[in-house]
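Secondary and tertiary structure notes
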Amino acid sequence: MNQTVKRIVDILFQETVENDETRALHEELMNNCQEHYQDLIGRGLSEDEAVAEVVESLKGMKDVIAQYPKKAAGSSSFSGDEETEEGKSFVFDGVDTLKVETTDQDICVSPSADGAVHIWCEDPEGMKAERNGNEVYVTGVKKTEKAAASFQFPEGEEISITGILNMVGKAIRNVATNFQGGAPITIEVPDGQMKEIELNSRSGDIECSCALARKMTARSTSGDVTLQPETEKTAEKLIVSTVSGDAEVNGSALESEISSMSGSVTVDGVFEKLEMKSTSGDVEFNGSVLDVTASAISGDVSVTVENTSLKRAAGKSTSGDVEIYLPRGLRSVHAECSTVSGDCCSRVSDAGMNAEVKIYAKSISGDVTVE
């Protein structure tokens, strides 16, 4: 049974009074959705694509379920957490700010089906979630905390050589399990309604398919960061960074900073001001932008601009190639291109220093192309 599909169906019935009729409908809908999901997987769809198709098929069911009696006020699950053998979940309603901090856990954020924030981790001890007004704070349990707890002598255990050896043996097994990586944290948020989302993980990957929040931040030290929103919404400020992972963004923002130390940086979408940089990875942009700066130390830089409203584009690399491709119909362009030990080629008509559009392309030991 797919847990994401299960939670989606359960959410539809969470405010409905449980009786023989609604219980039967719940079970039938659950079976149909799980079969539909498995069928989609069998047809070659990815897990995310299959879940999205299941959600799409449920759009009409919300009105059908709404005809059944509702639970009395105060009995809704939008208030706290639920812990089972399968994991721990939280549900929060009426929040617009989400902040997540983990060490080794992956973070996956997607749109919710009911306008609430849903948080799930299959490890009951793998996370904590707290609400403060309109803000929700999610914290992954640190491995060191779990490891330290493993070495606490059980209450009532005989303090003897045998008891100590048993305790140490259990602790070693627990520590070995803990350091294999924590269970992922899955979060669903109201699509397009979040004021701020901040996601931080030291060694985990970050994936986000919900609409960008007004202020959007995603940082990982050694994991990949991928933002692929299903709904278009322009962020006012977008910050994505990773040290040794790849950064991939497809979205829209007024001001953006996308960076990686030793991974590649790939950006698609619509931006006003965009800064992209990598030390030892490639940097690539495709889309519409007013002002873009793309730089790398030992990687290639490629910028493809689709809009004629461009004002400035700059690409630079120390030991990689630099390519800037401009749209047709762009007028009044001034291009400055240079390389020390590579080939330099510019196919734009230069309109001089007072041109409306400024292009800068520079490399030390790579080729430079502007066209």
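Summary of the structure given here. Predicted, not measured: the structure shown is a model, and the values here were computed from it.

Description of the packing of helix α2 (residues 20–42) against helix α3 (residues 47–57)
Put simply, α2 and α3 touch, their axes get as near as 9 Å, and they point 140° apart. One element, α2, and the other, α3, form an angle in the oblique class. Seen along the crossing, α2 lies across α3 with a hand that is right-handed. Here α2 contributes Cys33, His36, Tyr37, Leu40 and Ile41 to the contact with α3, which in turn contributes Glu47, Ala50, Val51, Glu53, Val54 and Ser57. Here the contact of α2 with α3 is composed, by residue class, of seven nonpolar, two polar and two charged.

Quick word on α3
Since the α-helix packs 3.6 residues into each turn, any two residues three or four apart lie on the same face. Among all positions in α3, only Ala50, Val51 and Val54 are buried. Projected onto a plane normal to the axis of α3, the buried residues spread over an arc of 100° and lie on a single side. On its buried face, α3 sits against α1 (3–13) and α2.

Quick notes on the packing of aromatic side chains
For the structure on display, the rule yields two aromatic pairs. Ring plane angle 10° and centroid distance 6.0 Å describe the contact between Phe90 and Phe92, whose orientation is recorded as stacked. As far as the burial class goes, Phe90 and Phe92 line up, both buried. Ring centres 6.2 Å apart and planes at 70° place the aromatic pair Phe271 and Phe285 in the edge-to-face group. In this pair, Phe271 is assigned in strand β15 (residues 265–278) and Phe285 in strand β16 (residues 283–296), connecting sequence segments 14 residues apart. For Phe285, a relative accessible area of 0% translates into the label buried.

A word on α2
Between its first and last C-alpha atoms α2 spans 33 Å; for 23 residues at 1.5 Å apiece the expected length is 33 Å, and the two agree. Of all the positions in α2, only Thr22, Leu25, Leu29, Met30, Cys33, Gln34, Tyr37 and Leu40 are classed as buried. Buried residues along α2 sit against α1, α3 and α4 (61–65). By the N-cap criterion, in which a side-chain oxygen at the helix start approaches the backbone nitrogen of a residue two or three places on, α2 is capped by Asn19, the distance to Glu21 being 3.0 Å. Following α2 by one or two positions, Gly44 adopts a phi angle in the positive range, close to 105°.

A closer look at the packing of α1 against α3
The interhelical angle for the contact between α1 and α3, taken along N-to-C directions, is 20°, at an axis separation of 10 Å. Judged by the inter-axis angle, α1 sits roughly parallel to α3. Between α1 and α3 the crossing geometry is right-handed. Where α1 approaches α3, its residues Thr4, Val5 and Ile8 are matched on the opposing element by Val51, Val54 and Val55. By residue class, the composition of the contact of α1 with α3 is five nonpolar, one polar and no charged.

Looking at unusual backbone geometry
The phi dihedral of Ser332 falls on the positive side, at around 55°, and the residue is not glycine. Note on placement: Ser332 falls in the loop between β19 (322–325) and β20 (333–339).

Quick look at the nonpolar core
Grouped together as the largest cluster of nonpolar side chains are 64 residues, with contacts concentrated most on Leu98, Ile119, Leu238 and Ile359. If one sorts the elements of this core by residue count, β16 sits on top with six residues. In contact with Leu98, other than residues within four places in its own chain, are Val136, Val138, Ile187, Val189, Met194, Glu196, Ile197, Glu198 and Leu199. Listed in part, the 18 residues of the second largest apolar core include Val5, Val9, Leu29 and Tyr68.

Scoring rules and cut-offs
- Each chain has its residues counted from 1, following the order in which its sequence is written.
- A pLDDT threshold of at least 70 governs which residues receive local features in this predicted model, and a stricter bar of 80 or more applies before side-chain atom pairs are shown or counted, although totals over entire chains, interfaces and linings include all residues.
- Side-chain numbers come from the whole structure's heavy atoms, not from hydrogens or water.
- Working convention: axes come from line fits to C-alpha atoms, limited for helices to the stretch in contact. Angles between N-to-C directions cover 0 to 180 degrees.
- By definition, any uninterrupted DSSP run of H or I lasting at least four residues is a helix, any uninterrupted run of E lasting at least two residues is a strand, and each is numbered from the N terminus.
- Any angle between 65 and 115 degrees counts as roughly perpendicular, while under 35 counts as roughly parallel, over 145 as roughly antiparallel, and the rest as oblique.
- Crossings are sorted by hand: turned counterclockwise from the far helix by less than a right angle, the near helix makes the crossing left-handed, and turned clockwise it makes it right-handed.
- Residues are treated as being in contact if the distance between any of their heavy atoms lies within 4.5 Å.
- Nonpolar residues are Ala, Val, Leu, Ile, Met, Phe, Trp, Tyr, Cys and Pro. Charged residues are Asp, Glu, Lys and Arg, and all others, Gly as well, are polar.
- Burial status follows relative accessibility: with a 1.4 Å probe on protein chains alone, a residue under 20% of its type maximum counts as buried, one over 50% as exposed, and anything between as partly exposed.
- The arc refers to the directions leading from the helix axis to the C-beta atoms.
- Note on aromatic pairs: the rings of Phe, Tyr and Trp (six-membered ring only in Trp) are paired at centre separations within 6.5 Å, and the planes decide the class, stacked below 30 degrees, edge-to-face beyond 60, tilted for the rest.
- Any helix carries an expected span of 1.5 Å times its number of residues minus one.
- Two N or O atoms count as a polar contact when they lie within 3.5 Å, although within protein this holds only if one can serve as hydrogen donor and the other as acceptor, and sequence-adjacent residues are included solely when both atoms are side-chain atoms.
- Put simply, buried Ala, Val, Leu, Ile, Met, Phe, Trp, Tyr and Cys residues joined by side-chain atoms within 4.5 Å make one nonpolar core.

Purely geometric stuff here, so don't read any function into it on its own.
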